[in-house]
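Given next are the chains, with one letter for each unit.
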Amino acid sequence: MLDAIYRAARARISTLAAGLTEDQLNLAVPATPGWSVHDVLAHLTGGAADVLAQRLDGAPGEYWTARHVAERRGRPVGELLDEWERASPAAEASLPERFAGPNLAADVICHEGDLREALGLPRIDREHWQPFLDVLGRLPGRLLPNTDTLVISDELGQEWRCGSGESVTVLRADGYELMRGLFSRRSRSQIAGWDWSPEPSTQLVDSFGVFGHRDDDQPIPVC
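These numbers were taken from a predicted model, which means no experiment stands behind them.

Asker: Lay out the packing of aromatic side chains with the relevant residues and their values.
Answerer: The tally for this structure, following the rule as stated, stands at five aromatic pairs. Geometrically, the ring pair formed by tyrosine 6 and tryptophan 84 is edge-to-face, given 6.4 Å between the ring centres and 80° between the ring planes. Placement of the pair is tyrosine 6 in helix α1 (residues 2–18) and tryptophan 84 in helix α5 (residues 77–93), with a sequence separation of 78 residues. Look at tyrosine 6 and you get buried, because its relative accessible area is 2%. Seen from their ring centres, tryptophan 129 and tyrosine 176 are 5.7 Å apart, and the 70° between their planes marks the pair as edge-to-face.

Asker: Help me get a handle on the sheet that holds strand β2 (residues 159–163), residues and values and all.
Answerer: The mixed open sheet is built from four strands, whose spatial order is β2-β1-β3-β4. Only two strands of the sheet have a single partner each, and these edge strands are β2 and β4 (195–197). The mean inter-strand angle of the sheet, taken between neighbouring strand axes irrespective of direction, is 15°. Pairing of strand β1 (residues 148–153) with strand β3 (residues 167–172) involves six bridges; the strand directions are parallel. Across the sheet, aspartate 148 pairs through a bridge with serine 167, a residue of β3.

Asker: Can you break down unusual backbone geometry residue by residue, with the values?
Answerer: Of the consecutive residues serine 197 and proline 198, the connecting peptide bond is found in the cis state with omega at -10°. By the secondary structure assignment, proline 198 is in the loop between β4 and α10 (202–206). One non-glycine residue, serine 184, lies in positive phi territory at about 65°. Mapped onto the secondary structure, serine 184 falls in the loop between α8 (175–182) and α9 (188–192). For serine 184, a relative accessible area of 5% translates into the label buried.

Here is what the cut-offs are and how they apply
Residues numbered from 1 in each chain as written. Predicted model: local features only at pLDDT ≥ 70, side-chain atom pairs only at ≥ 80, totals over all residues. Heavy atoms only, no water. Phe/Tyr/Trp six-rings, centres within 6.5 Å; stacked < 30°, edge-to-face > 60°. Helix = DSSP H or I, 4+ residues; strand = E, 2+ residues; numbered from the N terminus. Buried < 20%, exposed > 50% of the residue type's maximum accessible area, 1.4 Å probe, protein only. Pairing = 2+ DSSP bridges. Axes fitted to C-alpha atoms, helices over the stretch in contact; angles between N-to-C directions.

Quick look at the structure:
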């Protein structure tokens, strides 16, 4: 399943990137401070190329991702997309069937959202990110005190119950926003502004985000 998700996301991003102007390629991406749209494309290309070359020292840390950008800075976007296409079969073959932790499929879906939000585009269809929400929805429960329970539900009525304590907090939020928050793509204030009952503790808000919390508000795309 994840190989198909990765392949489809690469195709969507490649089609989008091929039509961008230089100004758009140079736009800052709020979700990835210090990176432009071109830099995000360079990272996505570099991740796949490193799988093909078995050059995985330091993955998936900051040095590894920064090297992708540095090695491809100044290269035309067409060259990046051609390199990504050549490396994509190896990247797809490296993926597990189901999402259980960091991998290139999660990375490409996360960064596709980053790119679309930076460019002011609508979000991608739910079928592409739902498998990641299914798993990430259980993430906040790992940091809950033993006395607490968190019940999360989205606009479709899907529910994630975390913890078994007597103190119950209920969160109702849009599924896409949940997914982005759990990928550390929403700020503390944006997460605290969701529909909580009662108001969440700072610890509970900070429990969102596989890459930790952030304080810079992010652009919210239209549906």
